[in-house]
Amino acid sequence: MEIKLEEIFQEKIDQEIKIEPRDWMPEKYRKTLLRQISQHAHSEIVGMLPEGNWITRAPNLRRKVALLAKVQDEAGHGLYLYSAAETLGMSRDEMLEELHSGKAKYSSIFNYPTLTWADMGAIGWLVDGAAIMNQVPLCRTSYGPYARAMVRVCKEESFHQRQGYEIMLTLSKGTEAQKAMAQDALNRWWWPSIMMFGPNDDNSPNSAQSMKWKIKRFSNDELRQKFVDVTVAQTEILGLTIPDKDLKWNAERGHYDFGTINWDEFFQVVAGNGPCNKQRLKARVDAWENGAWVREAASAYAEKREAKVKNQIEAA
Amino acid sequence: MSTKEWPLWEVFIRAKQGLNHKHVGSLHAADLQMAIENARDVYTRRMEGVSIWVVESKYVHASEPSEQEALFEPANDKIYRHPTFYNLPEELNHM
């Protein structure tokens, strides 16, 4: 019976028929999606922290409203994704519990500190740029609620990258000190950004199954290459230099070659030893714990109001 | 004090006058007023709507995926319900 169901399931996937919450699905498909979507949601929420750091110090009102709107979007993206994940049978509180206990992961990029205003530029340009590269194919992912959430996310994400690039452009055309600040941000964010696509294909054990189930459409290395290829030209317009001496055009491949990624650093940050892991997690746990009284008060108020309406109906 | 999770609500948005409300997603809120306010913040940050409906998810009743055939198959062979079923002369341009 199970085998027959799994065959029907794979046939639907092969025919590009979306899987919806109440449809039969293999347990491993459900678990893989749940892990991926909740991790994605956590990344959006934790991703607000490095940028939230600079809202009050934005150099002018135009930059401030843009950054505020971007951070608000990230909250929204986290909420779309939590809702999508909930359709797979895990409650919101359980997901948050997994984040707070350290069981669930979020994108390692957010464990790096934002030291200067130029980091707001570099994050929008590179981190959101890499995220978009990853997310656009997810608009066609096989699970309906995830695909629909991603369509919304992608529509909103493009302003994020443009606002970041505009910050970099302004700095790179500014004083020597401003240009140096932009270059410094690029130096610090470049490698973590290209690590965002995850381990190399030969070291990514779950990829093949995710591709077969069309959760993923492109491999980590394919997406990383695409990102490097488009980012080189963008860097030239800025007059900045990507911090990789091995980066050069390979006419034969039709792609840029680039240096070896420091995977040791990547796995160290994933394991919790990045510069800001503890600080980020603490900020989330504090927000949850310090907000408990608000959640309780709202529930108590809702219950009281419901009781009052009930009484009125009975009295009438 | 209640520490239970806020209920889940389904959100429907009317994009503009003249269109129907369309399901856009869901969210958690303690009560209906908060559900509408949260829906405004989460789903209409870029003028996506002029009207919001929220329905507590527990009140949505859905058909079973396993009943799909029984429910929808019968319409399959009733091609005479479509205009192209009828053979009309070419010179009759628009009907």
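Conventions used here
- Residues numbered from 1 in each chain as written.
- Chains lettered and ligands numbered in written order.
- Predicted model: local features only at pLDDT ≥ 70, side-chain atom pairs only at ≥ 80, totals over all residues.
- Heavy atoms only, no water.
- Patch = residues over 30% accessible without salt bridge, like charges linked within 9 Å, V, L, I, M, F, W, Y side chains within 5 Å.
- Areas by Shrake-Rupley, 256 points an atom, 1.4 Å probe, with all protein chains shown as cover.
- Salt bridge = Lys/Arg side-chain N within 4 Å of Asp/Glu carboxyl O.
- Helix = DSSP H or I, 4+ residues; strand = E, 2+ residues; numbered from the N terminus.
- Contact = heavy atoms within 4.5 Å.
- Buried area = accessible area lost by both parts, 1.4 Å probe.
- Core = buried A, V, L, I, M, F, W, Y, C linked by side-chain atoms within 4.5 Å.
- Buried < 20%, exposed > 50% of the residue type's maximum accessible area, 1.4 Å probe, protein only.
- 1 Å grid on protein atoms, 1.4 Å probe; cavity = no way out; pocket = protein on both sides within 12 Å on 5 of 7 lines; lining within 4 Å.
- Points joined across faces, edges and corners; volume = space filled by probe spheres on them.
- Nonpolar A, V, L, I, M, F, W, Y, C, P; charged D, E, K, R; others polar.

A. Structural detail: a nonpolar patch on the surface. A contiguous nonpolar patch, built from Ile79, Tyr80, Phe85, Tyr86, Leu88, Leu92 and Met95 of chain B and spanning about 770 Å² of accessible area, is present on the exposed surface. Looking at where isoleucine 79 of chain B falls in the secondary structure, it is placed in the segment after α2 (68–72).

B. Layout of the interface of chain B and chain A. The interface of chain B with chain A comprises 25 residues on the first partner and 25 residues on the second. Summed over both sides, the interface of chain B with chain A buries roughly 2,100 Å², with 46% coming from carbon and sulfur. Together, Glu5, Arg45 and Arg46 of chain B form the three largest contributors to the area buried by chain B at its contact with chain A, with a combined 26%. The tally of links between chain B and chain A comes to six salt bridges. Arginine 45 of chain B is paired through a salt bridge with glutamate 156 of chain A; the nearest N and O atoms lie 2.8 Å apart.

C. Structural detail: the nonpolar core. If you look at the biggest cluster of nonpolar residues, it comprises 92 residues, and the most contacted ones within it are Tyr29, Ile37, Tyr143, Trp189 and Trp190 of chain A together with Leu27 of chain B. In terms of residue count, helix α6 (residues 118–135) of chain A provides more of this core than any other element does, 10 residues in total. If sequence neighbours within four positions are ignored, tryptophan 189 of chain A has contacts with Ile109, Tyr112, Pro113, Thr114, Asp119, Ala122, Ile123, Leu126 and Val127 of chain A.

D. Here's a closer look at empty space enclosed by the protein. Residue and element names in this part refer to chain A. As enumerated under the stated definition, the model contains two cavities of 30 Å³ or more in all. Together, Ile13, Glu16, Ile17, Lys18, Arg140, Thr141, Ser142, Lys214 and Arg217 line the largest cavity. Of the volumes computed, that of the second largest cavity is approximately 30 Å³. In terms of lining, the second largest cavity is formed by Lys28, Thr32, Asn206, Gln209, Ser210 and Trp213. Broken down by secondary-structure element, the contributors of at least two residues to the lining of the second largest cavity are α2 (27–46) and α9 (207–212). Its residues placed into classes, the lining of the second largest cavity shows one nonpolar, four polar and one charged.

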